[in-house]
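# Residue-level structural notes
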Amino acid sequence: MKHRTGNLLTDRPELYEARFPDPGRLAGRWAEDVLRRYGAGPAVLDLGCGTGRDAACLQDAGRRVTAADLSGAMLAHARAQHPGPVYVQADLSRFDFGHRAFDAVVCLDSSLLYCHTNEQLDGFLTSCRRTLVPGGLLVAEMRNGAYFLGRDEPPRIPAVSRFTWRGTTYRSTTALRVDRAAQLLRRTRRWTADDGSPPVEEHSAWRLLLPQELRHFLTVHGFDVLALHDGPGPRTEPVWQPGAEPGAAADGDRLHLIARKPVGDSAGHSAHPATGEQP
């Protein structure tokens with residue numbers, strides 16, 4: 001079996017959009033609703049932009065969007081299929097687009113959780129704070145680590161999924177495991193296709209952050225947390241609808257964050273790194 005340490009859908013963005021269609025641009029519309037609700041200015045940085053669908057949606061809403069991703073394949077697809085934003089390659093755990101360059105940073109679809117260590121999360125928040133104007137917003141949507149508290153482990157029987165694209169049927173077998181010591185949700189996924197291509201096995205992981213732990217990191221890095229809730233959002237059940245008010249609970253499987261850099265923040269101030277202590 002051929003082994004891959006990345007993600008087949010990241011390497012083949014057209015397959016990603018076939019597997020996870022979003023014809024209504026729900027995630028981008030949710031992000032735009034949040035930006036309008038909290039009065040964000042027009043300059044937006046979309047981190048972990050993937051195929052560029054959400055960045056293009058924000059651009060179409062009148063924003064000036066810079067969209068960043070680590071995957072060159074994703075960025076090439078985004079430039080070709082979702083033009084409008086400026087697309088750049090960057091590591092979200094250590095990026096530098098200058099001081100006070102953006103009115104808002106948007107980080108959707110659990111992209112923030114690819115910061116696996118406290119040091120990487122520190123780097124992300126330090127970079128966000130540097131690039132935001134005073135009063136700028138940080139908007140993120142991700143898996144909720146608290147969802148696993150008091151619940152059974154992820155199912156031991158792997159989940160099987162199929163989809164067909166351009167005459168080829170792709171089959172994935174996905175197993176999840178909670179690594180408590182590292183605070184990671186680890187995923188092993190095996191892909192097969194009926195076009196004769198060799199099977200692919202890939203490994204990935206997301207950081208599992210608890211709501212109060214996330215609040216701690218944000219506070220230490222000088223952000224004011226305006227909202228932290230489990231829904232409604234673009235990946236919740238029921239899904240977000242225009243005009244929906246943010247919830248107050250934080251025990252569902254998704255977490256939605258809105259934080260603000262204080263208006264009086266000094267451009268030269270550097271936050272102390274978070275200690276990673278558990279609340």
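Refer to the structure printed above.
Residues numbered from 1 in each chain as written. Predicted model: local features only at pLDDT ≥ 70, side-chain atom pairs only at ≥ 80, totals over all residues. Heavy atoms only, no water.

### Concerning the nonpolar core
In terms of nonpolar packing, the biggest core is built from 34 residues, with Leu47, Leu112, Phe124, Leu138 and Leu257 touching the most fellow members. Only β2 (43-47), β5 (102-107), α6 (118-131), β6 (132-143), α7 (211-220) and β12 (254-260) provide two or more residues apiece to this core. Residues Leu26, Val65, Ala67 and Ala104 belong to the second largest nonpolar core, which totals 24 residues. (Core = buried A, V, L, I, M, F, W, Y, C linked by side-chain atoms within 4.5 Å. Buried < 20%, exposed > 50% of the residue type's maximum accessible area, 1.4 Å probe, protein only. Helix = DSSP H or I, 4+ residues; strand = E, 2+ residues; numbered from the N terminus.)

### What about the sheet that holds strand β4 (residues 86-89)?
Reading across from one edge, β4-β3-β2-β5-β6-β12-β11 is the order of the seven strands in this open sheet, with mixed pairing throughout. In this open sheet, the two edge strands, each paired with only one partner strand, are β4 and β11 (224-229). Within the sheet, the average angular offset between the axes of one strand and its neighbour, ignoring direction, is 15°. As paired elements, β2 and β5 share three bridges and run parallel to each other. Opposite Leu45, over in β5, you have Val105 as the bridge partner. (Pairing = 2+ DSSP bridges. Axes fitted to C-alpha atoms, helices over the stretch in contact; angles between N-to-C directions.)

### Observations concerning the state of the cysteines
When the sulfur atoms of two cysteines share a covalent bond, that bond is a disulfide. This model, assessed by the stated rule, comprises zero disulfides. Of the cysteine sulfurs around Cys49, a residue in no disulfide, the closest is that of Cys107, at 10 Å. (Disulfide = S-S within 2.5 Å.)

### Some words on the packing of aromatic side chains
Applying the stated criterion across every chain, the model contains seven aromatic pairs. Here Phe97 and Phe102 contribute two aromatic rings whose centre-to-centre distance is 6.2 Å and whose plane-to-plane angle is 90°, an arrangement assigned as edge-to-face. When its relative accessible area of 27% is taken as the criterion, Phe97 is described as partly exposed. When the ring centre of Trp206 is taken as reference, the NZ or CZ atom of Arg143 above it lies at 4.4 Å. (Phe/Tyr/Trp six-rings, centres within 6.5 Å; stacked < 30°, edge-to-face > 60°. Lys NZ or Arg CZ within 6 Å of the ring centre and 35° of its normal.)

### Some remarks on the environment of Ala78
Looking at the secondary structure, you find Ala78 in helix α5 (residues 72-81). Sequence separation of Ala78 and Arg129 is 51 residues, and the distance between their C-alpha atoms is 26 Å. Residues in contact with Ala78, not counting those within four places in the same chain, are Gly50, Thr51, Gly52, Pro83 and Tyr87. (Contact = heavy atoms within 4.5 Å.)

### As for the packing of helix α3 (residues 26-37) against helix α4 (residues 53-60)
At a closest axis distance of 8 Å, the pairing of α3 and α4 adopts a crossing angle of 45°. One way to sum up the angle between α3 and α4 is to call them oblique. The element α3 and its partner α4 pack so that their crossing is right-handed. Residues Ala27, Gly28, Arg29, Ala31, Glu32 and Leu35 of α3 touch α4, and the partners they reach there are Asp54, Cys57 and Leu58. (Parallel < 35°, antiparallel > 145°, perpendicular 65-115°, else oblique. Left-handed = near helix turned anticlockwise from the far one by under 90°.)

### A few points about the environment of Cys57
Relative to the helices and strands, Cys57 resides in helix α4. Linking Cys57 and Ala27, residues 30 residues apart in sequence, is a C-alpha distance of 8.9 Å. For Cys57, the residues in contact, after removing those within four places along its chain, are Arg25, Gly28 and Arg29.

### Brief notes about the pairing of strand β10 (residues 200-207)
Among the eight residues in β10, seven count as buried, and that is most of the element. Of the strand pairs in this sheet, strand β9 (residues 184-193) and β10 are connected by eight bridges, and their pairing is antiparallel. Paired with Arg190 across the strands is Glu201, a residue of β10. Linkage of β9 to β10, two consecutive antiparallel strands, is achieved through a turn of six residues, within which Gly196 is found at a positive phi near 90°.

Coordinates in, geometry out; function isn't part of it.
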